[in-house]
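Remarks on the overall topology
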Amino acid sequence: MIVDRAPLTRTELAGLLTDAAQSVSGILTAEYPTAASRSYLHPVLGALSAGPRVICELNDRLEEFLADEPRPATPAGLFTLASYASALGWLTESLAELTTSVDQICTRVGIPTQPPDDPTFTTPDGTERDSELDFAFSDVELTEIRTAAEAAHLPPGDYVAVLSESLLAITRITDACMEISSGLLDDATYVLGEATDHVWINDGPGHLPTLVRSLLARMETAG
């Protein structure tokens with residue numbers, strides 16, 4: 001038997017968005033143990049491991065939100081739903097991009113799909129390319145790079161290249177998570193700060209959820 005419940009209050013709706021924002025920002029502080037032989041992946045492994053869990057949690061909460069009776073129908077509820085769904089979609093896309101970047105790094109260094117019987121790892125050509133290192137590195141930094149590269153069974157030049165790709169990938173997912181979290185918090189403040197439940201979503205783009213407006217702005221720029 002379906003039991004009708006009172007529509008969520010503005011405080012509860014804002015709490016839903018705030019909790020989602022905290023979950024998304026938590027991706028950036030997640031840690032994952034990294035072996036010395038894979039140290040070039042350390043920047044991305046925390047986000048890569050935490051991202052799918054957060055997406056599953058947000059999706060479960062969204063399904064619960066939609067399963068409640070009565071379903072969201074007030075302007076405030078629909079605004080919250082649009083904000084939440086936009087954040088979930090944005091995060092899912094960003095995590096897919098991160099996964100692709102990590103897969104490309106693994107392919108570049110020759111990490112096989114299945115673990116080899118022999119754990120010894122060598123690069124395809126097995127050659128050292130110290131000459132590719134940026135001369136801006138200090139002697140101490142060069143020593144650290146060579147030590148890390150040796151542990152990873154990579155030429156120093158290759159190690160710097162894949163580490164740079166990892167750092168670029170984590171920068172992209174960091175920017176995305178920060179924008180998503182900030183947008184959710186902005187929308188939570190907007191929902192909570194209204195004097196009544198009448199949060200209108202049809203009075204022009206200024207009344208749309210933050211991430212929806214950001215997406216529309218990007219589409220206009222791309223066009």
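Read on for an overview of the structure.

Thresholds applied
The numbering scheme is per chain: residues are counted from 1 as the chain's sequence reads. For a predicted model such as this one, the threshold for reporting local features is a pLDDT of at least 70, and the threshold for listing and counting side-chain atom pairs is 80 or more; totals across whole chains, interfaces and linings nevertheless cover every residue. Side-chain metrics rest on all non-hydrogen atoms present in the structure, leaving aside hydrogens and water. To get an axis, a line is fitted to the C-alpha atoms, and for a helix only the part in contact is used. The angle between two axes follows their N-to-C directions and goes from 0 to 180 degrees. Runs of H or I in DSSP of at least four residues are treated as helices and runs of E of at least two as strands, each being numbered from the N terminus. Angles below 35 degrees are treated as roughly parallel, those above 145 as roughly antiparallel, those between 65 and 115 as roughly perpendicular, and all remaining angles as oblique. It only takes one pair of heavy atoms within 4.5 Å for two residues to be counted as in contact. Any two rings among Phe, Tyr and Trp, with Trp reduced to its six-membered ring, count as a pair given centres within 6.5 Å; such a pair is stacked if its planes are under 30 degrees apart, edge-to-face if over 60, and tilted if neither. Think of a 1 Å grid over the protein atoms and nothing else: a 1.4 Å probe that fits but is trapped marks a cavity, an open set flanked by protein within 12 Å on at least five of seven lines marks a pocket, and residues with an atom within 4 Å of a point count as lining. Grid points are joined across faces, edges and corners, and a volume is the space filled by probe spheres set on the points. Under the convention adopted here, Pro, Cys and the residues Ala, Val, Leu, Ile, Met, Phe, Trp and Tyr are nonpolar, Asp, Glu, Lys and Arg are charged, and Gly plus all remaining residues are polar. Three exposure classes are used, based on accessible area relative to the maximum for each residue type with a 1.4 Å probe and protein chains only: buried under 20%, partly exposed in between, and exposed over 50%. Each nonpolar core is a collection of buried residues, namely Ala, Val, Leu, Ile, Met, Phe, Trp, Tyr and Cys, held together in the definition by side-chain atoms within 4.5 Å. Take the number of residues in a helix, subtract one, and multiply by 1.5 Å to get its expected span. By arc we mean the arc of the directions from the helix axis to the C-beta atoms, nothing more.

What follows covers the packing of helix α1 (residues 10-26) against helix α3 (residues 75-109). The geometry of α1 relative to α3 is characterised by a closest axis approach of 10 Å and an angle of 10° between their N-to-C directions. Considered as vectors, α1 and α3 are oriented roughly parallel to each other. Contacts between α1 and α3 involve Arg 10, Leu 13, Leu 16, Leu 17, Ala 20 and Val 24 from the former and Ala 76, Gly 77, Thr 80, Ser 83, Tyr 84 and Leu 91 from the latter.

The geometry of an aromatic ring pair comes down to the distance between the two centres and the angle between the two planes. Scanning all chains against the criterion turns up two aromatic pairs. Where Phe 79 meets Tyr 190, the ring centres are 5.0 Å apart and the plane angle is 45°; that geometry is what we call tilted. Of the two residues, Phe 79 is situated in helix α3 and Tyr 190 in helix α5 (residues 156-193); the sequence distance between them amounts to 111 residues.

In this structure, the largest pocket occupies an estimated 340 Å³ of space. Forming the walls of the largest pocket are 15 residues, and the residues nearest its centre are Trp 90, Glu 93, Ser 94, Glu 97 and Arg 218. The set of elements that each furnish at least two residues to the lining of the largest pocket consists of α3, α5 and α6 (210-222). Among the elements that make up the lining of the largest pocket, the one with the highest residue count is α3 (seven residues). In terms of residue class, the lining of the largest pocket is made up of six nonpolar, three polar and six charged.

Before going further, it helps to examine the environment of Thr 92. Within the fold, Thr 92 resides in helix α3. Classification of Thr 92 by relative accessible area gives partly exposed; the value is 37%. For the pair Thr 92 and Ile 55, spaced 37 residues apart in the sequence, the C-alpha separation amounts to 6.8 Å.

Core analysis: the biggest nonpolar cluster contains 50 residues, and Tyr 40 and Leu 91 have the highest contact counts within it. Every element with two or more residues in this core is listed here: α1, α2 (42-67), α3, α4 (139-151) and α5. Ranked by residue count, the leading element in this core is α3, at 14 residues. When sequence neighbours within four positions are dropped, the list of residues in contact with Leu 91 reads Val 24, Ile 27, Val 54, Ile 55, Leu 58, Cys 177 and Ile 180.

Each pair of packed helices can be summarised by the angle the axes make with each other and by the distance between the axes. Packing of α3 against α5 brings their axes to within 10 Å, and their N-to-C directions diverge by 175°. The angle between the axes of α3 and α5 places the two elements in the roughly antiparallel class. For the contact of α3 with α5, the class distribution of residues is 19 nonpolar, five polar and five charged.

What follows deals with α4. Owing to its 3.6 residues per turn, the α-helix aligns residues three or four sequence positions apart on the same side. The first and last C-alpha atoms of α4 sit 18 Å apart over 13 residues, in line with the 18 Å expected at 1.5 Å per residue. Within the sequence span of α4, burial applies to Leu 142, Ile 145, Ala 148 and Ala 149. Taken end-on, α4 shows its buried residues confined to a sector of 130°, consistent with a single buried face. Exposed and oriented more than 90 degrees from the buried face of α4 are Asp 139, Val 140, Glu 144, Thr 147 and Glu 150. Those residues of α4 hidden inside the fold are in contact with α5. One or two residues past the end of α4 sits His 153, with phi positive at roughly 60°.

Everything listed here is a matter of geometry and, on its own, says nothing about what the molecule does.
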